[in-house]
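# Survey of secondary and tertiary structure
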Amino acid sequence: MKPLTNWFQNKFTPALAKFGNMKYLVALRDGMIITVPFTVFGSIFMIIANLPINGWSNLIKPIQPMLQAPVTMTFGILALIVAIGMSYQTSKANHIDPLSGTAIGTVAFLMAMLNNKGTIDLADLGSGGMFTAIVIAILSSEIMRFFIKRHIVIKMPDAVPPAVASSFASLLPGSAALLVVWVIRVVFNIQINSVIQAIFSPLVVGLNSFWGVEFILFLTLLMWTVGIHGNNVIGAVASPVYLQFLTANINAVSAGRAATHVTADGFLNFGMNIGGTGAILGLVICMLFAKSQRYKQLGRLGFLPSVFQISEPIMFGFPVVLNPSLMIPFILVPMVLQGISYFLIKYGIIGMMIAQVPWTTPTMLNGYLITGGDWRAPVWQFIQLVISVACYWPFFKVCDRKAYAEEQQSAAEEATAGEHAQA
């Protein structure tokens, strides 16, 4: 066991930490955040337009186009929003003027999306172009960095205002980036978006499957057990795919069709994120009934954050990280619950995800909202919470008994020391 532990600490963990801190992985994670206010805003109107109330669709029929407009102008241009966010973050990562880098990366993306008529189909600016937005932002930034690093720029006198100087400094690097994309898309007539979608199609197919999701969950939870923020590392890669699935579901429902993607963004609220990563609210509830003061007080402190899906106080306070006693339930409980949820959603027992809510939305409320008001979703989440408490309980009691014994021993030693002092 010790050689395995040493391998994790000395080889595996540093390698994962290095991977998680890769420049473009961090840029991808931060660049995707820009989509949140837009998708949440659009989801509000999506929920209103699809409330599960008898006669509701007939009641709102006169204003249906008005309710659909915010959905179209958020999810319908998701790739463009990603292009802006990614271009900004890659510019920061490569020490390029953020304003110039964002503008050039965004224009390069739009050029990559040109059709054979030299125009842009608005439908291509939705989730189907997200991977292209990511790749083009990175490509544009790298080309600009190449020129800037070698000082192939137009330098203006010091007396010139900084804004003007930055624009001229970006002229040659930015022109080179745009020229490369133009040559690929227009001169060589290569369908950039189609090529990139084909390259990423195995990832898309995998994450829409049972075993693909289970594998992703396993990696995420395993990283947490060795002290690496698995959500940031794995989520940076998986989030664009999940968001693409959610957009597809929303578009289908808006067109009067059935949603088809089980693992759309929000799916992980049915098991994995019950109170935070690892279905951690189950452990917190166990702590409220602890015999030891240590865990009882920590449970009280961590309960409210966990209700709002914040697991870090327990992750590092219990701790769950680097704690062999909790590794088994921490990994297996979310995987089992998420696996059951997959089939419940796939076979229509629970509605599919058709909306997005802030990640801090409490369990059961988030399930109700993201499924468009399906009452069965929060009922299943409540059952999941009960199951997670039952599964965590025997493992927690081992830790609690040990902590209680240590507290009793410490109290006895303090009492003995007090008696000696009085004597």
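Everything quoted here is computed from the prediction, not taken from an experiment.

Thresholds, definitions, all that
Positions within a chain are numbered from 1, following the residues in the order the chain's sequence is written. For a predicted model such as this one, the threshold for reporting local features is a pLDDT of at least 70, and the threshold for listing and counting side-chain atom pairs is 80 or more; totals across whole chains, interfaces and linings nevertheless cover every residue. Hydrogens and water molecules were not included; the side-chain quantities draw on all heavy atoms of the structure. Think of a salt bridge as a Lys or Arg side-chain nitrogen and an Asp or Glu carboxyl oxygen that are within 4 Å of each other. Exposure classes here rest on a 1.4 Å probe applied to the protein chains alone. A residue is buried below 20% of its type maximum, exposed above 50%, and partly exposed in between. UniProt positions are given in the numbering used here, feature names are shortened, and annotations may be inferred rather than shown by experiment. Numbered from the N terminus, helices here are DSSP runs of H or I no shorter than four residues, and strands are runs of E no shorter than two. Between N-to-C directions, angles cover 0 to 180 degrees, with each direction set by a line fitted to C-alpha atoms, over the stretch in contact for helices. An angle below 35 degrees is read as roughly parallel, one above 145 as roughly antiparallel, one from 65 to 115 as roughly perpendicular, and any other as oblique. Crossing handedness is defined as follows: a turn of the near helix away from the far one that is anticlockwise and smaller than a right angle gives a left-handed crossing, while the clockwise case is right-handed. Contacts: residue pairs with any heavy atoms within 4.5 Å of one another. Under the scheme applied here, ten amino acids are nonpolar (Ala, Val, Leu, Ile, Met, Phe, Trp, Tyr, Cys and Pro), four are charged (Asp, Glu, Lys and Arg), and all others, including Gly, are polar. To define a nonpolar core, start from buried Ala, Val, Leu, Ile, Met, Phe, Trp, Tyr and Cys residues and group those joined through side-chain atoms within 4.5 Å.

So, on to the pattern of salt bridges. Inspection of every chain in the model, using the stated rule, returns five salt bridges. Linking Arg-376 and Asp-374 is a salt bridge whose minimum nitrogen-to-oxygen distance equals 2.9 Å. Judged by relative accessible area, which is 9%, Asp-374 ranks as buried. A single network of salt bridges, built from pairs that share partners, joins Lys-23, Glu-142 and Arg-145.

Looking now at the UniProt feature "transmembrane region" (unreviewed entry) in the chain. Feature annotation in UniProt places "transmembrane region" (unreviewed entry) on residues 32–53, 65–86, 98–116, 128–148, 168–188, 200–224 and 270–289, given in this structure's numbering. Helix makes up 90% of residues 168–188 and strand 0%, and the two end C-alpha atoms of the span are 29 Å apart.

Of note, the bond from Phe-318 into Pro-319 is cis; its omega dihedral lies within 30 degrees of zero at -5 degrees. Tracing the chain through its elements places Pro-319 in the loop between helix H16 (312–317) and helix H17 (324–346). If you check the backbone angles, Ala-279 has positive phi at about 50 degrees while not being a glycine. The residue Ala-279 is located in the loop between helix H13 (230–254) and helix H14 (280–287) in this model.

All right, on to the packing of helix H2 (residues 23–32) against H13 then. Axis separation between H2 and H13 bottoms out at 9 Å; the angle between their running directions is 50 degrees. In this view, H2 runs oblique relative to H13, as classed from their interaxial angle. Crossing handedness for the pair H2 and H13: left-handed. Seen from H2, the contacting residues are Leu-25, Leu-28, Arg-29 and Met-32; seen from H13, they are Asn-232, Val-233, Ala-236, Val-237, Pro-240 and Leu-243. Its residues placed into classes, the contact of H2 with H13 shows eight nonpolar, one polar and one charged.

In this structure, Phe-109, Leu-283, Ile-314, Phe-318, Val-320 and Phe-330 are the most contacted members of the largest nonpolar core, which totals 98 residues. If one sorts the elements of this core by residue count, H13 sits on top with eleven residues. With near-sequence residues (within four places) excluded, Val-320 lies in contact with Ile-280, Leu-283, Ile-314, Met-315, Leu-326 and Phe-330. Residues Ile-104, Ile-143, Met-144 and Phe-147 belong to the second largest nonpolar core, which totals seven residues.

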